[in-house]
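Listed below, chain by chain, are the residues.
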Amino acid sequence: MVAPIPRDTINSQATVHAASAVVMVPPIDFKFNVETSADNEFQKSLALSDTEIRTKALSEFYGMVELLRSHGVNVTVMDYSSEQGETPDAVFPNNWFSTSANGDIYLFPMACENRRRELRPEALLSALQESGFKPAKVHRLGDLEAPEAFLESTGVMIMDHVNSTVYAALSVRCDRDLLQQYVNQAGVKEVIYFDTHMSSGSPVYHTNVMMAVGEGFAVICDEIIEEFERRRVLNSLQKTKDVVSISEEQMGQFCGNILELQNSKGERLIAMSLSAYNAFTLEQKRVLRKHGKLVPIDVSTIETIGGGSVRCMLGENFLPR
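Here is a short report on the structure shown in this document. This is a predicted model, so every value here is computed, not measured. (Residues numbered from 1 in each chain as written. Predicted model: local features only at pLDDT ≥ 70, side-chain atom pairs only at ≥ 80, totals over all residues. Heavy atoms only, no water.)

Some thoughts on the packing of aromatic side chains
According to the stated counting rule, one finds four aromatic pairs in the structure shown. Ring geometry for Tyr-106 and Tyr-182: centres 5.1 Å apart, planes at 80 degrees, overall edge-to-face. Linking Tyr-106 in strand 4 (residues 104-107) with Tyr-182 in helix 6 (residues 176-186), this pair joins segments that are 76 residues apart in sequence. Taking 5.6 Å as the distance between ring centres and 55 degrees as the angle between the ring planes, the aromatic pair formed by Phe-108 and Tyr-182 counts as tilted. Of this pair, Phe-108 sits in the loop between strand 4 and helix 3 (113-116) while Tyr-182 sits in helix 6; the two residues are 74 residues apart in sequence, bridging distant segments of the chain. Judged by its relative accessible area of 0%, Phe-108 falls in the buried class. With a relative accessible area of 6%, Tyr-182 lands in the buried category. Among the aromatic side chains, those forming a connected cluster through ring pairs are Tyr-106, Phe-108 and Tyr-182. The ring of Phe-133 has Arg-321 sitting right over it, with the charged end atom 4.3 Å from the ring centre. (Phe/Tyr/Trp six-rings, centres within 6.5 Å; stacked < 30°, edge-to-face > 60°. Helix = DSSP H or I, 4+ residues; strand = E, 2+ residues; numbered from the N terminus. Buried < 20%, exposed > 50% of the residue type's maximum accessible area, 1.4 Å probe, protein only. Lys NZ or Arg CZ within 6 Å of the ring centre and 35° of its normal.)

Side note on the sheet that holds strand 8 (residues 190-194)
What the three strands build is an open sheet, ordered 6-7-8; its pairing is mixed. One side of each edge strand has no neighbouring strand; the edge strands of this open sheet are strand 6 (157-160) and strand 8. Taking each pair of neighbouring strands and ignoring which way they run, the sheet shows an average axis angle of 20 degrees. In the sheet, strand 6 pairs with strand 7 (residues 165-169) via four bridges, with the strands oriented antiparallel. Looking at the pairing, Ile-158 lines up with Tyr-167 of strand 7. (Pairing = 2+ DSSP bridges. Axes fitted to C-alpha atoms, helices over the stretch in contact; angles between N-to-C directions.)

Re the nonpolar core
The biggest cluster of nonpolar side chains holds 36 residues, and the ones touching the most others in it are Tyr-167, Met-210, Met-211, Phe-280 and Leu-288. Elements represented by at least two residues in this core include exactly strand 7, strand 8, strand 9 (211-213), strand 10 (217-220), helix 7 (227-238), strand 13 (268-273) and helix 10 (282-289). Sorting elements by how many residues they give to this core places strand 10 first, with four residues. Aside from chain neighbours lying at most four places away, what touches Tyr-167 is Val-156, Met-157, Ile-158, Asp-160, Ile-192, Phe-194, Thr-207, Met-211, Val-213, Val-233, Ser-236 and Leu-237. Counting residues in hydrophobic clusters, the runner-up holds 29 residues, among them Val-22, Ile-53, Ala-57 and Leu-269. (Core = buried A, V, L, I, M, F, W, Y, C linked by side-chain atoms within 4.5 Å. Contact = heavy atoms within 4.5 Å.)

Regarding helix 6
Here helix 6 has its buried residues at Leu-178, Leu-179, Tyr-182 and Val-183. The buried residues of helix 6 occupy an angular sector of 140 degrees when projected down its axis, which confines them to one face. In this structure, helix 6 carries Asp-177 and Asn-184 as exposed residues pointing more than 90 degrees from its buried face. In this structure, the buried residues of helix 6 make contact with strand 3 (97-99), strand 4, strand 6, strand 7 and strand 8. For helix 6, the capping residue at the N-terminal end is Asp-175, with a side-chain oxygen 3.1 Å from the backbone nitrogen of Asp-177. A positive phi of about 75 degrees marks Gly-187, the residue just after helix 6. (Arc of directions from axis to C-beta. Polar contact = N/O pair within 3.5 Å; in protein donor to acceptor, adjacent residues only side chain to side chain.)

Side note on helix 2 (residues 50-70)
Counted at 1.5 Å a residue, the expected span for helix 2 with its 21 residues is 30 Å, and the 30 Å between its end C-alpha atoms agrees. The set of residues buried in helix 2 consists of Ile-53, Arg-54, Ala-57, Glu-60, Phe-61, Met-64, Val-65 and Leu-68. End-on view of helix 2: buried residues confined to an arc of 140 degrees, all on one side of the axis. Pointing more than 90 degrees away from the buried face of helix 2 are the exposed residues Thr-51, Thr-55, Ser-59, Glu-66 and Ser-70. Packed against the buried residues of helix 2 are strand 1 (21-24), strand 2 (74-77), strand 12 (259-262), strand 14 (293-297) and helix 11 (300-306). Of the residues trailing helix 2, Gly-72 is marked for its positive phi of about 90 degrees. (Expected span 1.5 Å × (residues − 1).)

A few points about unusual backbone geometry
Although it is not a glycine, Ser-153 adopts a positive phi angle of roughly 50 degrees. Looking at the secondary structure, you find Ser-153 in helix 5 (residues 153-156). In this structure Ser-153 comes out as buried when scored by relative accessible area, which is 0%. Unusually for a residue other than glycine, Phe-254 sits at a positive phi of about 70 degrees. Tracing the chain through its elements places Phe-254 in the loop between helix 8 (248-252) and strand 12.

It is worth stressing that arrangement in space is one thing and function is another; only the former is reported here.
So, in structure tokens, the structure goes:
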């Protein structure tokens with residue numbers, strides 16, 4: 001049974017904690033991105049031609065669009081050309097923009113040069129308006145064209161919408177000063193940042209591969225957080241969430257890269273890759289099912305080559321209609 005969101009949450013945009021609409025970008029230029037592989041240990045190359053890779057990726061993408069729509073999620077497909085240069089990771093739009101229920105759109109500086117080409121605010125606004133949404137104001141964080149510091153949106157900032165809190169693993173892609181600037185500008189009440197160390201010794205490149213926060217649950221690979229910071233993060237989450245701890249191996253199967261959504265009936269869904277679904281234990285899935293219907297999606301080509309999964313492919317759309 002799908003868990004419904006309380007009626008007062010559905011009727012008040014200000015208290016919506018899970019998006020009922022998303023923006024997705026088709027992987028028309030998709031391939032192994034050498035630039036991002038410098039700090040993304042989740043990327044793996046496959047013995048396929050670029051044409052074969054893109055054919056598989058596009059099939060997975062449109063399969064995901066159809067599946068989400070069949071579950072009652074509003075999907076805006078933002079399609080754009082490669083006239084400004086190839087964008088191999090454009091299928092992961094959550095790294096360069098975010099939206100809010102008051103109509104604000106935030107644009108964020110990206111670490112890799114070829115990912116900065118993904119920022120298409122005009123195309124984004126056009127796609128949203130054509131889908132019946134009303135953007136109010138566009139905010140730019142830092143220097144988008146030639147940044148010296150980076151903050152890759154909801155890739156590095158995990159939003160707890162219920163408690164107005166942001167969780168962030170610091171890295172090259174998550175600058176502390178820009179993080180604080182966003183928190184101040186967006187009116188977020190609290191920010192909890194921390195350092196991570198994977199078994200390789202490197203920090204996790206994006207927070208959203210190690211943790212996800214929903215209205216009543218959180219999934220987190222807490223074993224890669226330093227012990228004194230780990231207690232602080234877990235104590236904060238456990239106040240209002242059912243916390244599911246995942247191992248580093250499960251993180252590698254993208255169990256942390258999941259997203260709570262709501263459909264047109266106000267029912268909660270938890271979107272995840274088929275890899276993540278298969279890697280969760282039965283007990284972990286039991287806990288998650290208390291908070292929504294699990295929706296596994298096969299994006300194996302995209303997550304293997306791109307190093308990101310279902311959550312990375314979804315730009316949450318909280319804008320008013």
